[in-house]
Amino acid sequence: MSEGSSSGFTLDLSDDVREMRDWVHEFAQNVMRPAAAEWDEREETPWPILAEASKIGLYSLDFFGGQWFEPTGLGTPVAFEEIFWGDAGIGLALTGTCLAAVAVTGSGTPEQIGEWVPQMFGSPGDVKLGAFCSSEPDAGSDVGAIRTRALYSEATDEWVLNGTKAWATNGGIADVHVVVASVEPALGSRGQASFIVPPGTRGLSQGQKFRKHGVRASHTAEVVLDDVRVPGRCLVGGKDRLDARLARLAGGQAGGEQAAMKTFEASRPTVAAMAVGVARAALDYARDYATQRVQFGKPIGQNQAIAFMLADMQASVDAARLLTWRAAWMARQGRKFTRAEGSISKLVAGETAVRVTEQAIQILGGNGYTRDYPVERMHRDAKIFTIFEGTSEIQRMIIGRAVTGLDVR
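All of these numbers come straight from a predicted model, not from anything done at the bench.

*Asks:* Looking at this structure, how should I read empty space enclosed by the protein?
*Replies:* Rolled over the atoms, a probe as big as a water molecule pinpoints where empty space is left. Enumeration according to the criterion identifies two cavities of 30 Å³ or more in this entry. Lining the largest cavity are Phe 84, Trp 85, Gly 86, Asp 87, Ala 88, Val 278, Ala 281, Arg 377, Met 378 and Asp 381. Elements with a contribution of two residues or more to the lining of the largest cavity: helix H4 (75–86), helix H9 (259–292) and helix H12 (375–382). Split by residue class, the lining of the largest cavity holds six nonpolar, one polar and three charged. Approximately 30 Å³ is the volume found for the second largest cavity. If you go around the second largest cavity, the residues you meet are Asp 12, Leu 13, Ser 14, Val 17, Glu 70, Thr 72 and Leu 74. Grouping the amino acids of the lining of the second largest cavity by side-chain chemistry returns three nonpolar, two polar and two charged.

Right, dumping it as structure tokens:
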């Protein structure tokens, strides 16, 4: 990894990142954890915690943007691991806006970034949310099957959006929605673009709110778009760029990265870090329990069956973190994931979280199966990391293509 002029990879966190990590950990331990079970049961957005996070600067564009642009690339995964160590449901409520922000920051014009991204976070005393809307009832992993249409009106310089989005974090309650829609259906995913829907736009409404297995403190819902009219300037990246891309495609040339997939690719190491946080939380709890729980006259952790299980859990969590940090470092240095490093990080971290949280339940036995102990909730939360932002099966397909050089389907 010595090619180019980018900084070399290191496991030594800078003083700034270590200080930030300890600050976020304190919030996760003292604010998030005591409230986790309550908001999981309520299945509601934890507005008081969002407000507290905003007040101290944790839920803010300055914080998330600062970590995103931290020189080593490790600021974001370190922060997200600590947040999700606190609680995954509340964690997703705190970080869900970031996907919409990344969609605009990664492809938008400087004017769009400056106008819309701050409105996704608001300010202390006036918390705002953003939502990224890509999936649909009949278009999950198959992004090319998106049916939401965007038609351009030259007379008014507006885009008119119609369709229904599904599984949108903050969907319907967000102040700013970023919607992936088809402008040239015949081109499939290559004919799609992203659109910013400003606050209060008529025709956008919340559909079904989903009652989920886990991460229940995070709002997930359908978003219904009924003749939603947005100004031409709300096409992410601008119309000139879209027209140029469509012209290249019409001429048989490559059109560049697809709107939704570019956003997901950038976010994969971040999602992996979330999963690492959940896995580490379960490992920490199970380890402490195993050293304190006495059966047959000794701590259960003294039994090889338990100690070996904890050993496997520790090794898995550490391996997942290292793969996550590698991908995050590469992304920050502008290195392409030529060997599917982003997908590898998400695949391994997501499946590690599911396995480690299940092992934690096993170590706690009957206690672990009850809601009186947090590992049950952690296990429910962990499953989402093998599903959203690219299922484990999709990640394996991407990795398989990189490994073989073949068009794996």
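After presenting the structure, the write-up continues.
*Asks:* Explanation requested: the packing of aromatic side chains in the structure shown.
*Replies:* Within a pair of aromatic rings, the relevant descriptors are the distance that separates the centres and the angle that separates the planes. Applying the stated criterion to the full structure yields 13 aromatic pairs. Geometrically, the ring pair formed by Phe 64 and Phe 121 is tilted, given 5.9 Å between the ring centres and 35° between the ring planes. Placement of the pair is Phe 64 in helix H3 (residues 61–68) and Phe 121 in helix H7 (residues 110–121), with a sequence separation of 57 residues. We note that Phe 64, like Phe 121, is buried. When the centroid spacing of 6.3 Å and the interplanar angle of 70° are considered together, the rings of Phe 84 and Phe 385 count as edge-to-face. One end of the pair, Phe 84, is in helix H4; the other, Phe 385, is in the loop between H12 and helix H13 (392–404), with 301 residues separating them in the sequence. We classify Phe 84 as buried; its relative accessible area is 2%.

*Asks:* Would you mind going over the nonpolar core with me for this structure?
*Replies:* In globular proteins that are soluble, nonpolar side chains generally tend to be buried together. With 108 residues, the main nonpolar core has Tyr 59, Phe 84, Leu 94, Phe 195, Met 313 and Ile 363 as its most contacted residues. The dominant element in this core, judged by the number of residues it contributes, is H9, at 14 residues. Apart from residues lying up to four places away in sequence, Phe 84 is in contact with Gly 91, Leu 92, Thr 95, Met 274, Gly 277, Val 278 and Phe 385.

*Asks:* Just checking my understanding: could you explain a nonpolar patch on the surface for this structure?
*Replies:* A contiguous nonpolar patch, built from Phe 9, Leu 11 and Leu 322 and spanning about 270 Å² of accessible area, is present on the exposed surface. For Phe 9, a relative accessible area of 33% translates into the label partly exposed.

*Asks:* Even after reading the chapter, I still don't get the pairing of strand E4 (residues 149–153), so can you show me in this structure?
*Replies:* Working note: regular strand, side chains alternate between the two faces of the sheet. Here E4 pairs with strand E5 (residues 158–169) via five bridges, running antiparallel. Bridging across to E5, Tyr 152 finds its partner in Trp 159. Counted between consecutive antiparallel strands, the loop separating E4 from E5 contains four residues, among which Asp 157 sits at a positive phi close to 50°.

*Asks:* Any chance you could explain helix H6 (residues 97–107) here in plain terms?
*Replies:* Because each turn of an α-helix spans 3.6 residues, side chains separated by three or four positions end up pointing in the same direction. Taken across its eleven residues, H6 has nine buried, putting it largely inside the fold. Residues of H6 that are buried: Thr 97, Cys 98, Leu 99, Ala 100, Ala 101, Val 102, Ala 103, Val 104 and Ser 107.

*Asks:* Is there a simple way to think about the pairing of strand E7 (residues 192–197) in this case?
*Replies:* In terms of burial, E7 is largely enclosed, as six of its six residues are buried. Along E7, one buried face is formed by Gln 192, Ser 194 and Ile 196 and the opposite face, lined by Ala 193, Phe 195 and Val 197, is buried too. Where strand E6 (residues 176–182) meets E7, six bridges bridge the pair, whose relative direction is antiparallel. The residue bridging Val 180 from the neighbouring strand is Ser 194, located in E7.

*Asks:* Looking at this structure, how should I read the environment of Pro 269?
*Replies:* Examined against the element boundaries, Pro 269 turns out to sit in helix H9. Using a relative accessible area of 5% as the deciding quantity, one classes Pro 269 as buried. For the pair formed by Pro 269 and Ala 28, sequence separation is 241 residues and the distance between their alpha carbons is 20 Å. Look past the residues within four positions of Pro 269 in its chain and what remains in contact with it is Thr 324, Ala 327, Ala 328, Phe 337 and Ser 345.

Reading the values: rules and limits
- Residues numbered from 1 in each chain as written.
- Predicted model: local features only at pLDDT ≥ 70, side-chain atom pairs only at ≥ 80, totals over all residues.
- Heavy atoms only, no water.
- 1 Å grid on protein atoms, 1.4 Å probe; cavity = no way out; pocket = protein on both sides within 12 Å on 5 of 7 lines; lining within 4 Å.
- Points joined across faces, edges and corners; volume = space filled by probe spheres on them.
- Helix = DSSP H or I, 4+ residues; strand = E, 2+ residues; numbered from the N terminus.
- Nonpolar A, V, L, I, M, F, W, Y, C, P; charged D, E, K, R; others polar.
- Phe/Tyr/Trp six-rings, centres within 6.5 Å; stacked < 30°, edge-to-face > 60°.
- Buried < 20%, exposed > 50% of the residue type's maximum accessible area, 1.4 Å probe, protein only.
- Core = buried A, V, L, I, M, F, W, Y, C linked by side-chain atoms within 4.5 Å.
- Contact = heavy atoms within 4.5 Å.
- Patch = residues over 30% accessible without salt bridge, like charges linked within 9 Å, V, L, I, M, F, W, Y side chains within 5 Å.
- Areas by Shrake-Rupley, 256 points an atom, 1.4 Å probe, with all protein chains shown as cover.
- Salt bridge = Lys/Arg side-chain N within 4 Å of Asp/Glu carboxyl O.
- Pairing = 2+ DSSP bridges.

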